[in-house]
Amino acid sequence: MLGWFALALLAGGVAMAGWLFALDRDARATWQAQVVPGQLSTAHSFLEDDCGACHTPVKGADDFKCVGCHAAEDALLQQQSTAFHASTRGCGRCHFEHRGIDATLRRMDHDSFARIALAEVEKSPSGADQAERTELLRWVDRHEWPARRAVDHAPMSARSLALNCHACHGTKDRHQGVFGTECSSCHTTTQWFVAQFQHPSMNSIACSQCHLAPPSHYMMHFAMVSVPVAAAGSGEVSGCCGPVTVEQCYRCHQPTSWNDIKGVGWYKHH
């Protein structure tokens, strides 16, 4: 009798263990889905089985571990558009992982960037950084986010309008500073092309108001090569009198292209 009772207990124990194992398997699958929410991107795929390379227990993704791998990327810190990484914190606020092998980590969201930057300013310490903080707050005050500007620049958000575009994009300024540093007065964060822009008439002679001559025009090259090629060395050229000056772009160039020279056509001078 006792033997049958022991066997019954054993069978019940095995059944209970199987049931618990099934529960544990489901629980483990659930926990695994929570711990590993998705595939890493191609850039970090080699760390797929090493969570500790990026995460710290309880804390989560750790900026110090990001810096441990990326601190030596001199090109990132030397370029004007990405130099801010030297002083920013919270890598995961812009660079999101576990979104799939084909996901990009470098999608720029100007609105999120503005929100993060302003949050950093508000909590920045006083003392040595006070002057820089004060100047930055002055910039924000001068570029308040009134609804009118936001409407004028849809799809550019009001928060993004507070960003100093020139601080990151100054080296890409094709206007060479002629139009100042208020990029958002013409451009948006979605595209540089200005749909409303209309070039002045091809008969306009005010080219130098918007266009700057290349450095070669301020050297001997201008008198020795540029002027003779365009035959603009005397008053015989239509439109003006006397030798051409650097500011008189219209006497040599046509609005189709800088290399389209009047009376010469397409000219490759180098």
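Residues numbered from 1 in each chain as written. Predicted model: local features only at pLDDT ≥ 70, side-chain atom pairs only at ≥ 80, totals over all residues. Heavy atoms only, no water.

Topic: the overall build of the protein chain
Working step 1: When helices and strands are counted, the protein chain shows 8 helices and 5 strands.
Working step 2: Along the protein chain, from the amino end to the carboxyl end, the secondary structure elements read α-β-β-α-α-α-α-α-α-α-β-β-β.
Working step 3: For the protein chain, the proportion of its 270 residues judged to be buried stands at 20%.
Working step 4: When contacts within the protein chain are restricted to residue pairs at least 6 apart in sequence, those whose partners lie at least 24 apart make up 46%.
Working step 5: Here the protein chain has roughly 19,500 Å² of accessible surface; of this, 62% comes from carbon and sulfur atoms. (Helix = DSSP H or I, 4+ residues; strand = E, 2+ residues; numbered from the N terminus. Buried < 20%, exposed > 50% of the residue type's maximum accessible area, 1.4 Å probe, protein only. Contact = heavy atoms within 4.5 Å. Areas by Shrake-Rupley, 256 points an atom, 1.4 Å probe, with all protein chains shown as cover.)

Side note on the sheet that holds strand S4 (residues 257-261)
Working step 1: Taking strand neighbours across the sheet as the criterion, the 3 strands line up as S3-S4-S5 in an open arrangement whose pairing is antiparallel. Where the open sheet ends on each side, the last strands, each with one partner, are strand S3 (253-254) and strand S5 (265-266).
Working step 2: Two elements, S4 and S5, share 2 bridges in a ladder whose sense is antiparallel. Opposite Ile 261, over in S5, you have Gly 265 as the bridge partner. (Pairing = 2+ DSSP bridges.)

Section: unusual backbone geometry
Working step 1: Its identity is not glycine, yet Val 58 carries a phi of approximately 75 degrees, on the positive side.
Working step 2: Within the fold, Val 58 resides in the loop between strand S1 (55-56) and strand S2 (60-61).
Working step 3: Positioned with a positive phi, His 98 is a non-glycine residue whose angle comes to about 60 degrees.
Working step 4: Within the element layout of this structure, His 98 appears in the loop between helix H3 (74-78) and helix H4 (110-123).
Working step 5: Classification of His 98 as partly exposed rests on a relative accessible area of 22%.

Remarks on the confidence of the model for the protein chain
Working step 1: For the protein chain, per-residue confidence averages 76 on the pLDDT scale, and residues scoring 70 or more make up 71% of the total.
Working step 2: Of all helices and strands in the protein chain, the one with the weakest mean pLDDT is helix H6 (residues 147-152) (48), whereas S1 scores best (88). (pLDDT = per-residue confidence, 0-100.)

Observations regarding the nonpolar core
Working step 1: Listed in full, the 9 residues of the largest apolar core are Ala 213, Phe 222, Val 227, Ala 230, Ala 232, Val 244, Val 246, Cys 252 and Ile 261.
Working step 2: Excluding residues within four positions of it along the chain, Val 244 makes contact with Phe 222, Val 227, Ala 232, Arg 251 and Cys 252. (Core = buried A, V, L, I, M, F, W, Y, C linked by side-chain atoms within 4.5 Å.)

A short note on the pattern of salt bridges
Where charged atoms from two side chains of opposite charge approach closely, those side chains can pair.
Working step 1: For the structure on display, the rule yields 1 salt bridge.
Working step 2: Here Asp 62 makes a salt bridge to Lys 59, at a shortest N to O gap of 3.5 Å. (Salt bridge = Lys/Arg side-chain N within 4 Å of Asp/Glu carboxyl O.)

Observations concerning the side chain of Ser 41
Working step 1: Residue placement: Ser 41 occurs in the loop between helix H1 (2-35) and S1.
Working step 2: Judged by relative accessible area, Ser 41 falls into the buried class, the value being 1%.
Working step 3: Every residue in contact with Ser 41, bar those within four places of it in the chain, is listed here: Glu 97, Gly 100, Ile 101, Ala 103 and Leu 105.

What about helix H8 (residues 220-230)?
Working step 1: The set of residues buried in H8 consists of Phe 222, Ser 226, Val 227 and Ala 230. The buried residues of H8 occupy one face: seen down the axis, they fall within an arc of 95 degrees. For H8, the exposed residues lying more than 90 degrees away from the buried face are Met 220 and Met 224.
Working step 2: Residues of H8 that are buried in the fold lie against S4.
Working step 3: Downstream of H8 by a residue or two, Ala 231 has a phi angle that is positive, lying close to 50 degrees. (Arc of directions from axis to C-beta.)

Brief notes about the pairing of S4
Working step 1: Alignment of S3 against S4, held across 2 bridges, turns out to be antiparallel. Paired with His 253 across the two strands is Ile 261, which belongs to S4.
Working step 2: Linkage of S3 to S4, two consecutive antiparallel strands, is achieved through a turn of 2 residues.

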